[in-house]
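One letter stands for each residue in the lines below.
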Amino acid sequence: MSMSSMRRIVVVLLPTQDAAEQHSLLNAAAAMSSDHHCPLDIVALRGGTQVDVTPAPDLPAHATWWDVVHDGLVQLSTDSLAELAAQALAAAQLAPTMPRLVLLPPGPDGIEVAALLAWRMDGAALGQCMKLEIDGAAVIGHRAGHGGRIMLTLRTQQAQCFATLRAETRPERSALCIAPDRHALALSGTLPEACDVTSIEQTDALPSLEGAKLIVSGGRGMQGDEGFGLLRDIAQRLNGALGGSLPTVDAGWIPVARQIGQSGKFVSPRIYLAVGISGTLQHLAGISSETTIIAVNKDPDAPIFSVAEAGAVGDWREILPALLDRLESTAAEPA
Amino acid sequence: MNILVLLCGIADPKLPLPRDINALALDSLRAAHPLLSPFDEAALELALKLRDADPTVHITAVVPVSSTTDPLLRTVASLRLDQTFGLDIQHIPSWNSLGVAHACAAAVSTLDPLPSLVLIGREFGDCDDGTTTACIAQALGMAYSKLVFSIAIENVHIHAVRQNGARQERVRLPLPAVASVTNDARSKLRHPLLKNVMVAKKMTFKMIDLSEPIPGNVQLTALAAAPVRTRATTCRMLPGNAQMQANVLAELLLAHGSAR
Ligand SMILES: Cc1cc2nc3c(=O)[nH]c(=O)nc-3n(C[C@H](O)[C@H](O)[C@H](O)COP(=O)(O)OP(=O)(O)OC[C@H]3O[C@@H](n4cnc5c(N)ncnc54)[C@H](O)[C@@H]3O)c2cc1C
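Residues numbered from 1 in each chain as written. Chains lettered and ligands numbered in written order. Predicted model: local features only at pLDDT ≥ 70, side-chain atom pairs only at ≥ 80, totals over all residues. Heavy atoms only, no water.

Novice: Residue-level account of the environment of A:Ala31, with values.
Specialist: Residue and element names in this part refer to chain A. Position of alanine 31 among the secondary structure elements: in helix α1 (residues 19-36). Of the residues examined, alanine 31 reaches a relative accessible area of 33% and is grouped as partly exposed. In sequence terms alanine 31 and proline 60 are 29 residues apart; their C-alpha atoms lie 6.9 Å from each other. (Helix = DSSP H or I, 4+ residues; strand = E, 2+ residues; numbered from the N terminus. Buried < 20%, exposed > 50% of the residue type's maximum accessible area, 1.4 Å probe, protein only.)

Okay, here's the thing in structure tokens:
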């Protein structure tokens, strides 16, 4: 491959990012780097007050890891992170001697930082991609549109190219993993002024969706708070997290932080119990293809049953109280 | 106080996609069967709530449409806004987020007076994932917050309540500002009054025309229906009455799923 068609792959890790997503992004970037013989840099942004250094995992490709520290990074706002990422990308050590593909973690923060960087650096913004390819001097991104109903294939030759990547590819078992070369990169450029932010006390004590092994999720078919109360009890009994579809957020039965789907959270638990959820593409787009779905729905023709491993056709009003009783009596049984 | 709401609209997601999926067919679907997305609705409702709180608030809406007869203009105007404009950005493909952001920012700069607060749904249309809204704020050079549920105006600042990861927080931003608004129980769009629907039916709308060239550095090379997610084996349907189904469900959940 000639140098002119080579691209440096740069992964920007945000301090606000979930560890599992970080891991799959790094593995996907390493796979691209070894397939296309592209150099791989990892830029891990860290605030001055953040003491714990991100552990650098072994990767199936040679990589250079930059621990970027800025004493002034107190507030982890996206405009500060975008500014710090821009400073890192302009640093001599990472100078753009060749075209770059800059990857950010999926989710609202990653999308925003990628967009801001593309805007400032006159780059191309490929958006939230599910797959990325390098084809000579071009980058090809595949992403969803129309609520997950269509796939767009976008191509750009722009020297600076920005995307977020939600990759479900796992590294091959046989791949030899090596530790990246690790360096510190201290930056001191001006950051945007911090704005006045105060946290609102959390009333929702259930575990968050991130990293949950089991998710109990409800849809419009739950018809109100009463049904969600039962789902909450079942989730608690199983040490699981509670989620829901977009209409349940709009109805006020769960907070938007628990919305799963194309425009909500992407989750990858072992088990996803979907109750009163029809199974639209917009909702399924938020569930990993590796997750086992178990569905409860009164409509035997609901599309959720075509993606579920097991299903119960019936009214949740009858099935959920019986399920909760059974879970409680099983827990009470002597081991 | 002048508030601008930028509303993109989507093609009704309940309708089947055209058999031959191409950009033109998708644009036609949007033009013939437009709806406000849940995020457009949230942005519009937030503007209306701010006007409820202060009747001196003026609301202008700008809606990207291909013609002044687009039904979305009437839908929006029926909520008794002060002004509703169409914005012709047909020449900018919807996946060119930076181009759409340039155009929206250019359209805002034609407004007189300029808005102090710009509200946009967290996704702008059928092909956006949040990139466009962030870039519109950047293009306008205004303070910005994403995932906002509610806003209170205080002189030259706003206090916005927003989602940040798993937690909610209150942020104070100087005006002028841009907020991307998320769906929430608090921002479910109200129904228009019948008399305002009738008034909107008779309205004529103006288009904002943009003459300046719009940058575009991304090309669409293929469009296809998303692959349908299927399973190799059929779903195991649990037999029996609710109690029997519940017993097997409990077994399955405890065997595979328990987070302990
Ligand atoms: C721009 C955009 C973005 C979107 N993003 C998302 C997203 O991120 N996430 C998302 O979920 N949606 C999203 N949607 C909404 C999506 O299109 C669907 O409206 C939504 O997924 C449907 O949710 P649901 O399955 O809960 O409701 P419905 O489709 O109404 O299904 C309800 C189900 O409950 C069943 N039911 C009813 N009563 C009972 C009972 N007593 N017992 C058992 N079952 C019962 C019914 O048979 C039915 O199958 C988005 C839409 C748009 C336009």
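There's more to say after this.
Novice: Any details on the UniProt feature "domain: Electron transfer flavoprotein alpha/beta-subunit N-terminal" (unreviewed entry) in chain B? Residues and values, ideally.
Specialist: Sequence positions flagged by UniProt for "domain: Electron transfer flavoprotein alpha/beta-subunit N-terminal" (unreviewed entry) are, in local numbering, residues 27-212 of chain B. Taken end to end, residues 27-212 of chain B is 33% helix and 30% strand, and its first and last C-alpha atoms sit 22 Å apart. (UniProt positions renumbered as here; feature names shortened; annotations may be inferred.)

Novice: Provide a residue-level description of the site of the ligand, including the pertinent values.
Specialist: In the neighbourhood of the ligand, 30 residues make up the surrounding shell, with A:Arg220, A:Ser245, A:Ser278, A:Thr280 and A:Asn297 lying closest. Near the ligand, the surrounding residues belong to chains A and B. A:Ile260 has a polar backbone atom sitting 2.9 Å from a nitrogen atom of the ligand. Within the side chain of A:Asn297, a nitrogen or oxygen atom sits 2.7 Å from an oxygen atom of the ligand. Residue assignment for the shell around the ligand shows that the elements contributing at least two residues are α5 (246-250), α6 (281-284) and α7 (316-332) of chain A together with α2 (38-53) of chain B. Across the shell around the ligand, the residue classes tally to 9 nonpolar, 16 polar and 5 charged. (Near = heavy atom within 4 Å. Polar contact = N/O pair within 3.5 Å; in protein donor to acceptor, adjacent residues only side chain to side chain. Nonpolar A, V, L, I, M, F, W, Y, C, P; charged D, E, K, R; others polar.)

Novice: Which residues make up the state of the cysteines, and what are the values?
Specialist: Residue and element names in this part refer to chain A. Applying the stated criterion to the full structure yields 0 disulfides over all chains. Distance from the sulfur of cysteine 129, which forms no disulfide, to the nearest cysteine sulfur (cysteine 161) is 8.0 Å. Note on cysteine 129: relative accessible area 1%, which makes it buried. (Disulfide = S-S within 2.5 Å.)

Novice: Any chance you could break down the packing of aromatic side chains for me, citing the residues and the numbers?
Specialist: All told, the structure shown has 1 aromatic pair over all chains when counted by the stated rule. Note on A:Phe228 and A:Trp253: the rings are 5.9 Å apart at their centroids and 40° apart in plane angle, and the pair reads as tilted. With A:Phe228 in helix α4 (residues 225-237) and A:Trp253 in the loop between α5 and β14 (271-275), the pair connects residues that are 25 residues apart, well separated along the chain. Residue class for A:Trp253 comes out buried when judged on its relative accessible area of 17%. In this structure, B:Arg186 packs its charged tip against the face of B:Phe149, placed 4.6 Å from the ring centre. (Phe/Tyr/Trp six-rings, centres within 6.5 Å; stacked < 30°, edge-to-face > 60°. Lys NZ or Arg CZ within 6 Å of the ring centre and 35° of its normal.)

Novice: Can you explain the nonpolar core? Please cite residues and give values.
Specialist: Ranked by size, the top nonpolar core spans 63 residues in total, and within it A:Val12, A:Val43, A:Leu45, A:Val68 and B:Leu6 carry the most contacts. Broken down by element, this core gets its largest block of residues, 9 residues, from helix α4 (residues 97-109) of chain B. If you look at the next biggest cluster of nonpolar residues, it comprises 41 residues, including A:Leu13, A:Ala29, A:Ala61 and B:Ala11. (Core = buried A, V, L, I, M, F, W, Y, C linked by side-chain atoms within 4.5 Å.)

Novice: Before we move on, can you summarise helix α1 (residues 23-32) of chain B with the specific residues and values?
Specialist: Regarding α1(B), the residues found buried are B:Leu26, B:Leu29 and B:Arg30. Axial view of α1(B): buried residues confined to an arc of 95°, hence all on one face. As for α1(B), its buried residues are in contact with β8 (150-156) of chain A together with β2 (10-11), β3 (34-35), β4 (58-64), α3 (71-77) and β12 (219-225) of chain B. The N-cap residue of α1(B) is B:Asn22: its side-chain oxygen and the backbone nitrogen of B:Leu24 are 3.1 Å apart. (Arc of directions from axis to C-beta. Contact = heavy atoms within 4.5 Å.)

Novice: Describe the pairing of strand β13 (residues 241-244) of chain A, listing the residues and the values that go with them.
Specialist: Working note: regular strand, side chains alternate between the two faces of the sheet. All names here are of chain A. Side chains Ala241 and Gly243 of β13 all project onto a buried face; the interleaved residues Leu242 and Gly244 project onto the opposite face, where all are buried too. Bridge count for strand β12 (residues 214-218) against β13 is 4 bridges, and the pairing is parallel. Among the inter-strand pairings, isoleucine 215 is bridged to a residue of β13, identified as alanine 241. Taken together, β12, α4 and β13 form a β-α-β motif whose crossover is right-handed. (Pairing = 2+ DSSP bridges. Right-handed = clockwise from strand over helix to strand, strands pointing away.)

Novice: Give me the pattern of salt bridges: which residues, what numbers.
Specialist: All names here are of chain B. All told, the structure shown has 16 salt bridges over all chains when counted by the stated rule. Put simply, glutamate 169 and arginine 162 hold a salt bridge, and the shortest N to O gap is 2.8 Å. Of the two residues examined, glutamate 169 and arginine 162, each falls in the buried class. Between glutamate 169 and arginine 167 there is a salt bridge, with its nearest N and O atoms 3.1 Å apart. Its relative accessible area of 2% is what places glutamate 169 among the buried residues. Bridged by salt links that share partners, the residues Glu45, Lys49, Asp52 and Arg190 form one connected network. (Salt bridge = Lys/Arg side-chain N within 4 Å of Asp/Glu carboxyl O.)

Novice: Pulling in residues and values, what's your account of the sheet that holds strand β13 (residues 236-237) of chain B?
Specialist: With parallel pairing, the 6 strands of this open sheet are ordered in space as β13(A)-β12(A)-β14(A)-β15(A)-β16(A)-β13(B). Sheet topology places β13 of chain A together with β13 of chain B at the edges, where each strand pairs with a single neighbour. Contacts between α4(A) and the sheet are confined to β12, β13 and β14 of chain A, with β12(A) contributing the most and set at about 175° to the helix. The sheet strands contacting α7(A) are β14, β15 (292-297) and β16 (310-313) of chain A, and the helix crosses β14(A) at an angle near 140°. (Axes fitted to C-alpha atoms, helices over the stretch in contact; angles between N-to-C directions.)

Novice: Can you break down the packing of helix α2 (residues 78-90) of chain A against helix α3 (residues 108-120) of chain A residue by residue, with the values?
Specialist: All names here are of chain A. Where α2 contacts α3, the axes come no closer than 9 Å and their chain directions differ by 50°. Comparing their axes, α3 and α2 come out oblique. Taken as a pair, α2 and α3 cross one another with a handedness that is right-handed. Note on element contacts: α3 touches α2 through Asp109, Glu112, Val113, Leu116, Leu117 and Arg120, opposite Thr78, Asp79, Leu81, Ala82, Glu83, Ala85, Ala86 and Leu89. (Parallel < 35°, antiparallel > 145°, perpendicular 65-115°, else oblique. Left-handed = near helix turned anticlockwise from the far one by under 90°.)

Novice: Give me the sheet that holds β4(B): which residues, what numbers.
Specialist: Pairing is mixed in the open sheet, where 10 strands are placed in the order β11(A)-β9(B)-β8(B)-β7(B)-β10(B)-β6(B)-β1(B)-β4(B)-β5(B)-β11(B). Only two strands of the sheet have a single neighbouring strand rather than two, namely β11 (196-199) of chain A together with β11 (206-208) of chain B. Between one strand axis and the next, the sheet turns through 35° on average, direction left out of account. Both strand β8 (residues 157-164) of chain B and strand β9 (residues 167-174) of chain B contribute to a ladder of 8 bridges, which runs antiparallel. Paired with B:Arg162 across the bridge in β9(B) is B:Glu169.

Novice: Describe the interface of chain B and chain A, naming the residues involved and giving the relevant values.
Specialist: Contact with chain B, which involves 80 residues of that partner, is made by 82 residues of chain A. Of all residues in chain B, B:Arg229, B:Arg231 and B:Leu253 bury the most surface against chain A, accounting for 11% of the area lost on that side. Counting the contacts that link chain B with chain A gives 2 salt bridges. A:Asp109 is the salt-bridge partner of B:Lys146, the closest N and O atoms lying 2.9 Å from each other. Seen at the junction of chain B and chain A, the total is 27 residue pairs in polar contact (both at pLDDT 80 or more). Looking at the side of chain B that touches chain A, the element that brings in the most residues is helix α7 (residues 242-257) of chain B, giving 12 residues. Tallied by class, residues from the side of chain B that touches chain A come to 43 nonpolar, 20 polar and 17 charged. Pairing of β11(A) with β9(B), which is carried by 4 bridges, proceeds in the antiparallel orientation. Along β9(B), the bridge assignment pairs A:Val197 with B:Val171. (Buried area = accessible area lost by both parts, 1.4 Å probe.)

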